[in-house]
Amino acid sequence: MLHDPIVNQPAIEADRFDLRPLRASDAGLIEFYASDERVAKATTSIPHPLPPGTIEAFVARACDDANDEYVWAMDGTKAGGPELMGVISLDRMDCNQCEIGYWVAPAYWNSGVASSAVAALIGANPLECRTFFATVFQDNAASARVLTNNGFQYLGDAESFSVARNAKVATWTYSLKMD
């Protein structure tokens with residue numbers, strides 16, 4: 001489905017880091033982290049091993065004004081941290097609904113980065129979503145906790161194809177309705 005293109009994607013402040021639009025210079029760190037099998041297998045779309053050019057194409061799409069998905073880097077430089085700790089995205093759906101997706105570099109797992117990024121994104125709500133959705137693999141309980149800690153409610157079980165696993169994987173789907 002085509003939507004209006006994203007123009008001037010906003011930066012979003014969080015406590016320990018900022019969510020900022022991706023830039024071409026992020027490709028190296030994204031490739032480093034996304035090439036980790038644990039990260040790839042926690043997503044539907046990251047292949048493992050990464051084919052050449054995959055991340056450059058991803059960053060180019062994310063930086064393209066004609067893109068209909070917001071993609072941010074979790075940038076910790078304001079607190080003396082790394083330029084990229086993970087990536088979070090917001091994809092517009094029908095009827096003022098959006099889907100959140102995220103991954104965090106293994107070095108920052110269990111540090112609250114994902115929970116803070118989701119909270120900041122929901123708080124800013126740049127697409128003025130009435131309902132947020134997210135799906136996590138059932139073998140990724142930590143990611144499910146990120147969602148429930150941010151007020152998401154469990155909707156049900158399903159399955160999604162994981163490129164890295166080359167298989168359908170059981171998922172949990174969550175939603176958050178904005179008042």
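Residues numbered from 1 in each chain as written. Predicted model: local features only at pLDDT ≥ 70, side-chain atom pairs only at ≥ 80, totals over all residues. Heavy atoms only, no water.

**Quick notes on the overall build of the protein**
Along the protein, the regular secondary structure elements total 5 helices and 8 strands. Relative to the globule expectation of 16 Å for 179 residues, the C-alpha radius of gyration of the protein, 15 Å, shows essentially globular dimensions. Counting only C-alpha atoms and orienting by the principal axes, one finds that the protein spans roughly 35 × 35 × 35 Å. Contacts in the protein between residues far apart in sequence, at least 24 positions, make up 64% of those at least 6 positions apart. Accessible surface for the protein amounts to roughly 9200 Å². Of this, 50% is attributable to carbon and sulfur atoms. (Helix = DSSP H or I, 4+ residues; strand = E, 2+ residues; numbered from the N terminus. Rg over C-alpha atoms; globule rule 2.2 N^0.38 Å. Contact = heavy atoms within 4.5 Å. Areas by Shrake-Rupley, 256 points an atom, 1.4 Å probe, with all protein chains shown as cover.)

**Quick look at the pairing of strand S6 (residues 131-137)**
Of all 7 residues making up S6, 6 are buried, and the element is well covered by its neighbours. Here strand S5 (residues 97-104) pairs with S6 via 3 bridges, running parallel. When the bridges of S6 are listed, Cys98 appears paired with Phe132. In terms of handedness, the path from S5 via helix H4 (residues 113-124) over to S6 forms a crossover that is right-handed. Here S6 runs beside strand S8 (residues 167-177); their pairing, made up of 7 bridges, is antiparallel. Each residue of the ladder has a partner; that of Phe133, found in S8, is Ser175. (Buried < 20%, exposed > 50% of the residue type's maximum accessible area, 1.4 Å probe, protein only. Pairing = 2+ DSSP bridges. Right-handed = clockwise from strand over helix to strand, strands pointing away.)

**Quick notes on the packing of aromatic side chains**
To describe a pair of aromatic rings, you give the distance between the ring centres and the angle between the ring planes. On inspection of all chains with the given rule, the structure shows 3 aromatic pairs. With 5.2 Å between their ring centres and 80° between their planes, Tyr70 and Trp72 make a pair best called edge-to-face. Each member of the pair, Tyr70 together with Trp72, is buried. Between Tyr154 and Tyr174 the ring centres are 6.0 Å apart and the planes differ by 70°, which places this aromatic pair in the edge-to-face class. Of this pair, Tyr154 sits in strand S7 (residues 153-162) while Tyr174 is found in strand S8, placing the two residues 20 residues apart along the sequence. Positioned over the ring face of Phe137 is Arg165, at 4.7 Å from the centre of the ring. (Phe/Tyr/Trp six-rings, centres within 6.5 Å; stacked < 30°, edge-to-face > 60°. Lys NZ or Arg CZ within 6 Å of the ring centre and 35° of its normal.)

**Structural notes on the sheet that holds strand S1 (residues 12-13)**
Picture the strands of a sheet paired through backbone hydrogen bonds; they go either parallel or antiparallel. Spatial strand order, S1-S2-S3-S4-S5-S6-S8-S7: 8 strands in an open sheet with mixed pairing. Of all strands in the sheet, those bounded by a partner on one side alone are S1 and S7. Sitting on the sheet, H4 touches S1, strand S2 (18-21), strand S3 (69-75), strand S4 (86-92), S5, S6 and S8, and the angle it makes with S5 is about 155°. (Axes fitted to C-alpha atoms, helices over the stretch in contact; angles between N-to-C directions.)

**Brief notes about helix H5 (residues 141-149)**
All buried positions along H5 are accounted for by Ser143, Ala144, Val146 and Leu147. Seen end-on, H5 carries its buried residues on one side only, within an arc spanning 150°. Tucked into the core, H5 has its buried residues touching S5, H4, S6 and S8. Downstream of H5 by one or two residues, Gly151 has phi in the positive range, about 90°. (Arc of directions from axis to C-beta.)

**Brief notes about the side chain of Ser162**
By secondary structure assignment, the location of Ser162 is in strand S7. Sequence-distant contacts of Ser162, that is, excluding residues within four places in its chain, are made with Lys41, Thr43, Thr44, Phe137, Ala167 and Val169.

That is the geometry; function is a separate question.
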